[in-house]
Amino acid sequence: IKEIKDYHLDKNFTELDINKYLNNPYIKNIKINDLSYKNYKFKALQYNKYEGFLYDFVKVDNKYHEIIPLGYFKDTFNYLALYKDDSIWMLITPHEINTMEKSISKAKGNVLTFGLGLGYYQYMVSLKDDVKSITIIENDQNVIDLFTKNILPLFENKDKIKIIKDDAINFINNLKTSYDYYFVDLWHDVDDGLITYLKIIKVLNDKADYWIENSMIIMLRRCILTYLFEQIYQIENNYIDEESFYDHIINKIHEALKDYEINNMDDLTYLLTDKFINELKYKLL
């Protein structure tokens, strides 16, 4: 416990400037009261003073330690949440703001986005002069109705927005129009998003940017480590049966690595590199 505290809490527990987030254009201008619509509802939540939370991408050092950036405010911070069936589906917190910052800066011309949620990404991109249009692919009509009625009217540049109700994979497979920038955010976190991410990259490849993609790579590295642990200690020999999606991933890793020879530490550590994982991920579904 002391090692975890010294490595993560003492080194990575950071006081954040609350004004950076209070002055964010979306937080300043998109004000929504608590309301419900079918299986969705908006709700105002808050971080209390000195309450810790994840505020940015998880980092990985050169020894593959996962470094969790935890932050806090000295004052109460209110934020908007979208619930689906009584579970949090989308938030507008420092984590979402920071992890979308780079993808917002890269957007230009005609932008194609997958996933709507609370429309944070689309709002921020619509403010850019070099963005002409934003096409949003969303499969849930209830989300579209909520957004269209309660959030879109608050957009300064709502004329840039076009929403198409469709399944992401179906839309991509029938796509005939070229866009200048592609952004995919169809998941709440890694656990509910990894399978969708692996499906989408097979058709879009590196044409798109993917929200929290680094966390997807981290999770795949964990699966590789689990497989190596099972092999070293001879815990598992049956790589056919599956009880979960992660079983499927590990079984596919076994299939990809069963003829791979490990003769030294370099051979072993290569399996943990981003380069190897970014090649492997296309073979896992």
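One can find the structure itself at the top, above this paragraph.
Residues numbered from 1 in each chain as written. Predicted model: local features only at pLDDT ≥ 70, side-chain atom pairs only at ≥ 80, totals over all residues. Heavy atoms only, no water.

Let's shift gears to the environment of leucine 285. Considering the arrangement of structural elements, one finds leucine 285 in the segment after α12 (274–280). For the pair leucine 285 and isoleucine 144, spaced 141 residues apart in sequence, the C-alpha to C-alpha distance is 30 Å. Filtering out sequence-adjacent residues up to four positions away, leucine 285 remains in contact with Ile195, Leu198, Lys199, Lys202, Phe245 and His248. (Helix = DSSP H or I, 4+ residues; strand = E, 2+ residues; numbered from the N terminus. Contact = heavy atoms within 4.5 Å.)

For the pair helix α8 (residues 190–204) and helix α10 (residues 245–257), the least separation of the axes is 11 Å and the interaxial angle reads 45°. With respect to their mutual orientation, α8 and α10 come out oblique. For the element pair α8 and α10, the recorded crossing hand is left-handed. Residue-level contacts link Val190, Asp191, Leu194, Ile195 and Leu198 of α8 to Phe245, Tyr246 and Ile249 of α10. (Axes fitted to C-alpha atoms, helices over the stretch in contact; angles between N-to-C directions. Parallel < 35°, antiparallel > 145°, perpendicular 65-115°, else oblique. Left-handed = near helix turned anticlockwise from the far one by under 90°.)

At a closest axis distance of 10 Å, the pairing of α8 and helix α9 (residues 213–232) adopts a crossing angle of 95°. Between α8 and α9, the angle falls in the class roughly perpendicular. Here Val190, Asp191, Gly193, Leu194, Tyr197 and Leu198 of α8 lie close against α9, whose contacting residues are Glu213, Ser215, Met216, Ile217, Met219 and Leu220. Here the contact of α8 with α9 is composed, by residue class, of eight nonpolar, two polar and two charged. (Nonpolar A, V, L, I, M, F, W, Y, C, P; charged D, E, K, R; others polar.)

What follows deals with the sheet that holds strand β10 (residues 109–114). Strands sit in the order β12-β11-β10-β13-β14 across an open sheet of five strands; the sheet is parallel. This sheet does not close on itself; its edge strands, each paired only once, are β12 (161–165) and β14 (209–210). One ladder, built from five bridges, connects strand β11 (residues 131–138) with β12; its direction is parallel. When the sheet's bridge partners are listed, isoleucine 136 is paired in β12 with isoleucine 163. Each of β13 (181–184) and β14 is contacted by helix α4 (residues 94–106), which is oriented at about 160° to β13, the strand it contacts most. (Pairing = 2+ DSSP bridges.)

Here we come to the sheet that holds strand β1 (residues 13–15). Strand pairs in the sheet, formed through backbone hydrogen bonds, run parallel or antiparallel to each other. An order of β1-β7-β4 is seen for the three strands of this open sheet, with the pairing classed as mixed. Two strands close off the open sheet at either side, each with one partner strand: β1 and β4 (53–54). As paired strands, β1 and strand β7 (residues 70–72) are joined by three bridges and run parallel to one another. Bridge assignment links phenylalanine 13 to a residue of β7, and that residue is leucine 70.

On to a nonpolar patch on the surface, then. Together, Phe229, Ile232, Tyr233 and Ile235 make up an exposed nonpolar region whose accessible area comes to about 470 Å². With respect to the secondary-structure elements, tyrosine 233 resides in the loop between α9 and α10. With relative accessibility at 55%, the residue tyrosine 233 sits in the exposed group. (Patch = residues over 30% accessible without salt bridge, like charges linked within 9 Å, V, L, I, M, F, W, Y side chains within 5 Å. Areas by Shrake-Rupley, 256 points an atom, 1.4 Å probe, with all protein chains shown as cover. Salt bridge = Lys/Arg side-chain N within 4 Å of Asp/Glu carboxyl O. Buried < 20%, exposed > 50% of the residue type's maximum accessible area, 1.4 Å probe, protein only.)

Alternating residues of β13 divide into Tyr181 and Phe183 and Tyr182 and Val184, and every residue in both groups is buried. The pairing of β10 with β13 spans four bridges and is parallel. Looking at β13, one finds that leucine 112 is bridged to tyrosine 182. Bridging between β13 and β14 involves two bridges; their strand directions are parallel. Bridge pairing in β14 links phenylalanine 183 to aspartate 209. With respect to chirality, the unit in which β13 leads through α8 into the neighbouring parallel β14 is right-handed. (Right-handed = clockwise from strand over helix to strand, strands pointing away.)

Let us look at α10. Here α10 is 13 residues long and its end C-alpha atoms lie 18 Å apart, about the 18 Å a rise of 1.5 Å per residue gives. Packed against the buried residues of α10 are α8, α9 and α12. (Expected span 1.5 Å × (residues − 1).)

Counting across every chain of the model gives seven salt bridges. When the shortest N-O distance is used, the salt bridge between lysine 41 and aspartate 86 registers 3.9 Å. With lysine 41 in strand β3 (residues 40–47) and aspartate 86 in the loop between β8 (77–84) and β9 (87–91), the pair connects residues that are 45 residues apart, well separated along the chain. Overall, the relative accessible area of 28% leaves lysine 41 in the partly exposed class. Taking relative accessible area as the criterion, aspartate 86 reaches 63% and is therefore assigned exposed. The residue lysine 281 makes a salt bridge to glutamate 213 at a minimum N-O spacing of 3.2 Å. Taken together, the positions of lysine 281 in the segment after α12 and glutamate 213 in helix α9 put the pair 68 residues apart, joining distant regions of the chain.

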